[in-house]
Amino acid sequence: MPVSGRRKSIAFFITLGACLVALAIALNVGWILLNPREVALLVFGIVFFLLLITGLVLNTTFLIREIRRNEQHDAFINAVTHELKTPLTSIRLYLETLKKRDLTDNQRQEFYDVMLADSDRLLQTVEQVLRAGRSGQRRRNINLRKIDIGELVHECVGLARLRYNLSPDAVSFAESLNGERPQVKADADELRAAISNLLDNAVKYSVKEVEVSVEVALLDDKKVAVRIQDRGIGIPAGQLKRIFKRFYRVPGRVMGRIKGTGLGLFIVRSVIEKHGGRVFAESEGLGHGSRFTIQLPRV
Ligand code: ADP
């Protein structure tokens, strides 16, 4: 259904719900006025109407929530299709050129590199979707081991610099660990995926200049924190919690231009909660950058 059609159906259901609630209240008041002396009927009527009104409100809320969820699913399918189609189209174009034209060795190498980067992008999207599917399952075996959290985050920072071709100044890394090497009990692959998702977002939503700082710090003897701060587009206060929901993307003009599936932060939250930790976002608002903090129990 197109967006305007959906808006209309939401408006219709809200109006219908409101009218039915108003009607129920009017009938209820009428009932009370008609039966002021018959106590049993009055009590029965009031309880019955209250139940009716509650049901109507619940029903309308449910319907609207379902319409919104449907809307998010559509946006997700569009985003994933785009993420799959763009690199595939590019690979196809390069293959056709390789087949049709005589190219120098250098040009060939260049084409191979672009195709490799495109297939990496494809693989990343597929992995993200699979990981989100797995994250949705409640019971999952995770392979827990003791891990040096500073080392793991440092490794992710290195990978992000490599992937986006960024200098150590653009993505800085620091440890405030008082000379200790805190360990966490974690599935290294899952934790790496979560931290990499946060780093990818920090770079992706930086828009102009990338200035990301990553810090691993001791909170107390029981907890360790990983903070990822960027100076990007920022997040409005009302959205700081919602962004962790599956398929959720902050609406807006700038956001429309930055591609994504709305799965990254959902994966981050699922992974961190499975490890007994928590993750939250802070931002001074649009245009003022964002800071994501992961807190994990130490072993
Ligand atoms: P995606 O990036 O694929 O849209 P995510 O689940 O990773 O999905 O993020 C959800 C939303 O949270 C994004 O669409 C974006 O609006 C917002 N967001 C996430 N990270 C940042 C960030 N570092 N700066 C600004 N907005 C962010």
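In case you missed it, the structure is sitting above this.
For the structure given in this document, a descriptive report is provided here. Computed from a prediction, not measured in an experiment: that's the story for all the values here.

## With respect to the overall build of the protein chain
- Looking only at helices and strands, the protein chain has seven helices and seven strands in total.
- Reading the protein chain from its N end, one meets helices and strands in the order α-α-α-β-α-β-β-α-β-β-α-α-β-β.
- The C-alpha radius of gyration of the protein chain comes to 26 Å, more than 25% above the 19 Å expected for a compact globule of 299 residues.
- The dimensions of the protein chain, computed from C-alpha atoms along their principal axes, are 95 × 60 × 40 Å.
- Counting all 299 residues of the protein chain, 39% fall into the buried class.
- Taking as baseline every contact in the protein chain between residues at least 6 positions apart, the subset at least 24 positions apart corresponds to 70%.

## Let's talk about the side chain of Ser206
- Relative to the helices and strands, Ser206 resides in the loop between helix H5 (188-204) and strand S4 (212-218).
- Those residues in contact with Ser206 that sit more than four places away from it in its chain are Glu211, Val212, Asp230 and Gly232.

## Some points on the site of the ligand
- Close to the ligand lie 21 residues, the nearest being Asn201, Tyr205, Arg249, Thr261 and Leu265.
- The contact in question runs from an oxygen atom of the ligand to an N or O atom on the side chain of Asn201, over 2.8 Å.
- One of the backbone N or O atoms of Leu265 is found 2.8 Å from an oxygen atom in the ligand.
- Considering the ligand on its own, with 530 Å² of exposed area, one finds that the protein chains cover 98% of that surface.

## Let's talk about the sheet that holds strand S6 (residues 278-283)
- Read across the sheet, five strands follow the order S2-S4-S5-S7-S6 without closing on themselves; strand pairing throughout is mixed. Edge positions in the open sheet fall to strand S2 (171-176) and S6, since each of these has one partner strand only. Put simply, the sheet's adjacent strands are angled 15° from each other on average, direction ignored.
- Pairing between S4 and strand S5 (residues 223-230): six bridges, direction antiparallel. Residue pairing across strands places Leu218 opposite Val224, the latter belonging to S5.
- Contacts from H5 reach S4, S5 and strand S7 (290-297), with the element oriented near 25° to S5.

## Description of H5
- Along its 17 residues, H5 runs 24 Å from first to last C-alpha, staying within 8% of the 24 Å computed at 1.5 Å per residue.
- Among the 17 residues in H5, 14 count as buried, and that is most of the element.

## Quick look at the packing of aromatic side chains
- Counted under the stated rule, the structure contains five aromatic pairs.
- Ring centres of Tyr94 and Phe111 lie 4.7 Å apart, and the angle between their planes is 80°; this geometry places the pair in the edge-to-face category. Separated by 17 residues along the polypeptide, Tyr94 in helix H2 (residues 39-100) and Phe111 in helix H3 (residues 105-136) bring together distant segments of the chain.
- Its guanidinium or amino end placed over the ring of Phe266, Arg246 lies 5.4 Å from that ring's centre, counting from NZ or CZ.

## Observations concerning the packing of H5 against helix H7 (residues 264-274)
- In the contact formed by H5 and H7, the axes pass within 9 Å of each other and the chain directions differ by 145°. Two packed elements cross with a definite hand, and for H5 against H7 that hand is left-handed. Along the contact surface, H5 presents Glu190, Leu191, Ala194, Asn197, Leu198 and Asn201, while H7 presents Gly264, Leu265, Ile267, Val268, Val271 and Ile272.
- Per-class residue counts for the contact of H5 with H7 are eight nonpolar, three polar and one charged.

## Looking at the pattern of salt bridges
- Tallying each qualifying case throughout the model produces 13 salt bridges.
- Where Glu155 meets Arg192, a salt bridge forms, and the shortest distance between an N and an O atom there is 2.9 Å. Residue Glu155 is located in helix H4 (residues 149-164), and its partner Arg192 is located in helix H5; the two are separated by 37 residues in the primary sequence.
- Judged by its relative accessible area of 38%, Glu155 falls in the partly exposed class.
- The network of salt bridges with common partners includes Asp148, Glu175 and Arg181.

Conventions we followed
- Residues numbered from 1 in each chain as written.
- Predicted model: local features only at pLDDT ≥ 70, side-chain atom pairs only at ≥ 80, totals over all residues.
- Heavy atoms only, no water.
- Helix = DSSP H or I, 4+ residues; strand = E, 2+ residues; numbered from the N terminus.
- Rg over C-alpha atoms; globule rule 2.2 N^0.38 Å.
- Buried < 20%, exposed > 50% of the residue type's maximum accessible area, 1.4 Å probe, protein only.
- Contact = heavy atoms within 4.5 Å.
- Near = heavy atom within 4 Å.
- Polar contact = N/O pair within 3.5 Å; in protein donor to acceptor, adjacent residues only side chain to side chain.
- Areas by Shrake-Rupley, 256 points an atom, 1.4 Å probe, with all protein chains shown as cover.
- Pairing = 2+ DSSP bridges.
- Axes fitted to C-alpha atoms, helices over the stretch in contact; angles between N-to-C directions.
- Expected span 1.5 Å × (residues − 1).
- Phe/Tyr/Trp six-rings, centres within 6.5 Å; stacked < 30°, edge-to-face > 60°.
- Lys NZ or Arg CZ within 6 Å of the ring centre and 35° of its normal.
- Left-handed = near helix turned anticlockwise from the far one by under 90°.
- Nonpolar A, V, L, I, M, F, W, Y, C, P; charged D, E, K, R; others polar.
- Salt bridge = Lys/Arg side-chain N within 4 Å of Asp/Glu carboxyl O.

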